[in-house]
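Residue-level listing of the chains:
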Amino acid sequence: MNLIKSLTQRLSLPGTALVFVSTFAATAGFAQSNAPATSIQIQADKVTARMPPTFYGLMTEEINFSYEGGLYGELIRNRTFKSDSFPQPIKPEDYDPAKFYPAKYPANAAPKFWDSVGGAALVLDTNAPLNDALNVSLRLDAAAASKASPAGVANGGYWGIPVQPRTAYKVSFFAKAAPGFTGPLTASIESTNGKVLASAEISGVTGEWQKFEATLKTKGLKPSKDNVFKLTTAAPGTIWLQEVSLFPPTFKNRPNGDRQDLSQLLEDAQPKFLRFPGGNYVEGNNFNERFNWKQMIGPVEQRPGHRSCWGYWSTDGFGLPEFLGWCQDVGMEPVLAVFAGYTLNGNHVTNGPALEPYVQEALEEIEYVTGDASTKWGAQRIKDGYPNPFPLHYVEIGNEDFFDRSGSYDGRFAQFYDAIKAKYPQLKIISTAGVRSRTADLNDEHYYESEESMEGQAFKYDTRGRSNPTKIFVGEWATRVGSPTPNMAGALGDAAWMCCLERNADIVLMHCYAPLLVNVSKIGGKDRSMQWSSDLIGYDALTSYGSPSYYAQKIFSLHKGDEVLAASAENLPLRTVPAGRGGGTRQIKSLFYSATRDSASGRITVKVVNSADTAQPVTIDISGVKSIAAKGTATVLKAANRSETNSLKEPQHVVPETGTAKNLGTSFTRSYPPCSITVLELDAK
Ligand code: AHR
């Protein structure tokens, strides 16, 4: 096991040192220095960068029940009955990437997350599989079923089955029965106190596997999540089930698609790219648990699923085509990370012939994303429901390969780089650790920081050299303050950091916050829904909310312009914060800024972040324009203190407000409220 990485993962749980440092900082109180008047100088006639089309992006993976139990519309938990399968770690030297390793199961076990109804006996049965991928089924012995006492199975979903009024839910499942069973089956959604909210009868179950579909329609009712899905029969018999699925209406009505409210929150922030399929999730704990995309395409009932590195089973219904569908529906460009021969437990394949199958997998994966009908994998994507090739400009080789202390990354990177550039010379290749033998187009840097540390590094890139041909991709960053989702302190750290990224968009070509999503139904203990605290968007089965950090990112993303203007400051105020584990204090800046412009309208956007607990006046001087209109717009995200936050109960407690900004000009002074993020839009001539 990679000790450093496993420590990082342990630190991600609530109640850890990282959270402690931040909580201390949030309550410590901050001494204001008596600094002279603060001013920001903006040179409107000096464009330092074109705003990259890749600002801002998204990143997450199967963590915190982000896809299953999150974005992916499926409401049934453990729909393939494979969650009980044994982990089967296989050493790289024993592993053949072309071979399929079937899952194995405990004997005489009942499947996790399924309950018996009316005394039915449930058992995992490997003797009646649906196919090689789903090599187990649920055998349901309902010998005592009767009209008065139907028997069957119930599933509580991902901490509840949500229902909305007057809504159609699509049920589907595969079933077969032992001779003598006359059916029918009844599919229903029922409240936990037994009220039937919607139901449908399904007949025709025979001795052969068949797929059945039905629609469950609710009437006028109160939205709720304390419900279960049931599949029962009033006729005695033995039935086998597989791939039992229940879908609500999905975003943009995509079949096998995404949850509407979460997709809407994402679309509202207008992200430009998606780094996928993730970080650790690309690698997996073992070679046979990597993101094996070839097993995540085609009909969902042909996908075997796998044990994800965050400790729970993934059916992979949200697989490679679904990542692309997500991009299409939200208007993002895919940024594809490929498995690079290194797994989280520290094993790697050395470059050379042993790595070649993985290089070929990556080339084929690129073809799946970008190929047309004349290519093998492009044709497969079309068959999977995506007729048009996807625009792809960036491919990332691995994830966080700086954890690989063997020194193998340089050679592995070179082999991928050469093969990809030879076939796809237009693609930009992203490294995840320093390399010497090739020049990566970008290098992926990750920052998970406390508020003080994020604000303390908010001028980091201003002093980076400009001559390095390898540009920067900040592929994961977050101010980790607040659990399960960041509070205002997190938003302040994030906004200070985003100002830095915008000011330095000549060398930072793209960046994305991580992780994006967290199911907050059970944030601690056994079978918890959260593996990593401080995630941008929280939800349970029924509702969702954006954290203050989400709104900070949204107002930055929606007001970014296409040109970065030269900006500098004088007398930035300081605040005193704890120095860290060693004790003592240190001083960091408490005011942050960036300036951009929309070249078509000439409108200048100035972002000012005040992380102090008091209001701070700042004079903004703008040169290189004839005039600035006296009235403009101010969008302000603020909170009474940095601990304030949003939650399922108070989803809109900290949200931005937009109003008129007055007394503007080429030089104006404005007071910025305590703990605030301000986006000023100025009409320039
Ligand atoms: O975003 C959570 C994890 O943080 C990612 O999986 C990994 O790349 C990083 O260590």
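Keep in mind that this is a model prediction, so the values were computed, not measured. (Residues numbered from 1 in each chain as written. Predicted model: local features only at pLDDT ≥ 70, side-chain atom pairs only at ≥ 80, totals over all residues. Heavy atoms only, no water.)

1. Things to note about the overall build of the protein chain
Put simply, the rule is: Labels follow the DSSP assignment, with helices taken as runs of H or I lasting at least four residues and strands as runs of E lasting at least two, numbered in each case from the N terminus. For a compact globule the rule gives 2.2 Å times the number of residues to the power 0.38, and the radius of gyration it is set against comes from C-alpha atoms. The buried label applies to any residue whose accessible area, calculated with a 1.4 Å probe on protein chains only, is under 20% of its type's maximum; exposed applies above 50%, and partly exposed to all values in between. What makes two residues a contact is simply this: any of their non-hydrogen atoms within 4.5 Å. All accessible-area figures derive from a Shrake-Rupley calculation using a 1.4 Å probe, and residue coverage is judged against the displayed protein chains alone. Only four residue types enter the tally: Lys and Arg on the positive side, Asp and Glu on the negative side; His and the chain ends are excluded. Charge positions come from single atoms, namely NZ of Lys, CZ of Arg, CG of Asp or CD of Glu.
Per the secondary structure count, the protein chain includes twelve helices and 34 strands. Here the protein chain has a C-alpha radius of gyration of 27 Å; the compact-globule value for 685 residues is 26 Å, and the two agree. Looking at the protein chain as a whole, 61% of its 685 residues are labelled buried. Long-range pairs, those at least 24 residues apart, make up 76% of the contacts in the protein chain with a sequence separation of at least 6. Entry remark: accessible area of the protein chain is about 25,400 Å², with carbon and sulfur atoms responsible for 52%. A gap of 3 Å separates the mean positions of the 68 positive and 69 negative side-chain charges of the protein chain.

2. Remarks on the packing of helix H11 (residues 488–503) against helix H12 (residues 548–558)
The condition that has to hold: A fitted line through C-alpha atoms serves as each axis, taken over the contacting stretch for helices, and the angle formed by two N-to-C directions is quoted from 0 to 180°. Each angle is binned into one of four classes, with values under 35 degrees roughly parallel, values over 145 roughly antiparallel, values of 65 to 115 roughly perpendicular, and all other values oblique. It is the rotation of the near helix from the far one that decides the hand of a crossing: anticlockwise by less than a right angle makes it left-handed, clockwise makes it right-handed. Put simply, Ala, Val, Leu, Ile, Met, Phe, Trp, Tyr, Cys and Pro go in the nonpolar bin, Asp, Glu, Lys and Arg in the charged bin, and everything else, Gly too, in the polar bin.
Orientation of H11 relative to H12, taken along the N-to-C sense of each, is 25 degrees, at an axis distance of 8 Å. Between H11 and H12, the crossing angle belongs to the class labelled roughly parallel. Of the two elements, H11 crosses H12, and the hand of that crossing is right-handed. Along its contact with H11, which presents Met488, Gly490, Ala491, Asp494, Ala495, Met498, Cys499 and Glu502, the element H12 presents Pro548, Ser549, Ala552, Gln553 and Phe556. Among the residues making up the contact of H11 with H12, the classes are represented as eight nonpolar, three polar and two charged.

3. What about the pattern of salt bridges?
What counts is decided by this rule: Any carboxyl oxygen of Asp or Glu within 4 Å of a side-chain nitrogen of Lys or Arg constitutes a salt bridge here.
Using the criterion set out here, one finds 35 salt bridges in the structure. A salt bridge links Glu445 to Arg464, with the shortest nitrogen-to-oxygen separation between them at 2.9 Å. Of this pair, Glu445 sits in strand S19 (residues 442–449) while Arg464 sits in the loop between helix H10 (451–456) and strand S20 (471–479), and the two are 19 residues apart along the sequence. The salt bridge involving Lys607 is made with Glu502; its shortest N-O contact spans 2.8 Å. With Lys607 in strand S29 (residues 604–610) and Glu502 in helix H11, this residue pair connects regions lying 105 residues apart in the sequence. Each member of the pair Lys607 and Glu502 is classed as buried. Put simply, Glu451, Glu455, Arg575, Asp613 and Arg642 are held in one network by salt bridges that share partners.

4. Things to note about the packing of aromatic side chains
Threshold: Geometry of aromatic contacts follows a simple scheme: Phe, Tyr and Trp rings, the Trp one being its six-membered ring, pair when their centres are within 6.5 Å, and the pair is stacked under 30 degrees between planes, edge-to-face over 60, tilted otherwise. A ring is scored as having a charge over it whenever the NZ atom of a lysine or the CZ atom of an arginine sits within 6 Å of its centre and within 35 degrees of its normal.
Taken as a whole, this structure holds 37 aromatic pairs when the rule is applied. Measuring from centroid to centroid gives 6.0 Å for Phe291 and Phe323, while their planes differ by 70 degrees, and the two rings are edge-to-face. With a gap of 32 residues between them, Phe291 in the loop between helix H5 (280–283) and strand S14 (306–307) and Phe323 in helix H6 (residues 320–330) connect regions that are remote in the sequence. Comparing Phe291 with Phe323, the two get one shared label, buried. Here the aromatic rings of Phe318 and Trp326 are separated by 5.9 Å at their centres, their planes lie at 75 degrees, and the arrangement is edge-to-face. Take Phe318 and Trp326: they sit in the same class, and that class is buried. Three or more aromatic residues joined by ring pairs form one cluster here, namely Tyr67, Tyr72, Phe247, Phe276, Tyr281, Phe291, Phe318, Phe323 and Trp326. One residue, Arg77, lies across the ring of Trp159, its end atom 4.6 Å from the ring centre. Lys589 extends its terminal NZ or CZ atom over the ring of Phe459, reaching a point 5.2 Å from the ring centre.

5. What to know about the site of the ligand
Convention followed: Whether a residue is near a molecule or strand is decided by its heavy atoms; if any one of them lies within 4 Å of it, the residue is near.
Neighbouring the ligand are Glu61, Gly279, Asn280, Trp310, Asn399, Glu400, Tyr448, Glu476, Pro515 and Trp532. For the ligand, whose free accessible area comes to 290 Å², the fraction covered by protein is 98%. When the residues that make up the shell around the ligand are grouped by side-chain class, the tally is four nonpolar, three polar and three charged.

6. A few points about the confidence of the model for the protein chain
Rules: In predicted models, pLDDT denotes the confidence assigned by the predictor to each residue on a 0 to 100 scale.
With 95% of its residues at a pLDDT of 70 or more, the protein chain shows a mean pLDDT of 94. Confidence drops under pLDDT 50 across residues 1–33; counting only partners more than four residues distant or on other chains, this segment forms 63 contacts.

7. Quick word on the side chain of Gln553
Mapping Gln553 onto the fold places it in helix H12. Residues in contact with Gln553, not counting those within four places in the same chain, are Tyr56, Gly57, Trp477, Met498, Tyr513 and Leu536.

8. Remarks on the nonpolar core
Test applied: For our purposes a nonpolar core is just a set of buried Ala, Val, Leu, Ile, Met, Phe, Trp, Tyr and Cys residues, chained together by side-chain atoms within 4.5 Å.
In this structure, Trp326, Ile397, Phe416, Tyr461 and Ile677 are the most contacted members of the largest nonpolar core, which totals 127 residues. Looking at this core, the element that brings in the most residues is H11, giving ten residues. By size, the runner-up hydrophobic cluster in this structure holds 43 residues, among which are Ala103, Ala198, Phe212 and Val244.

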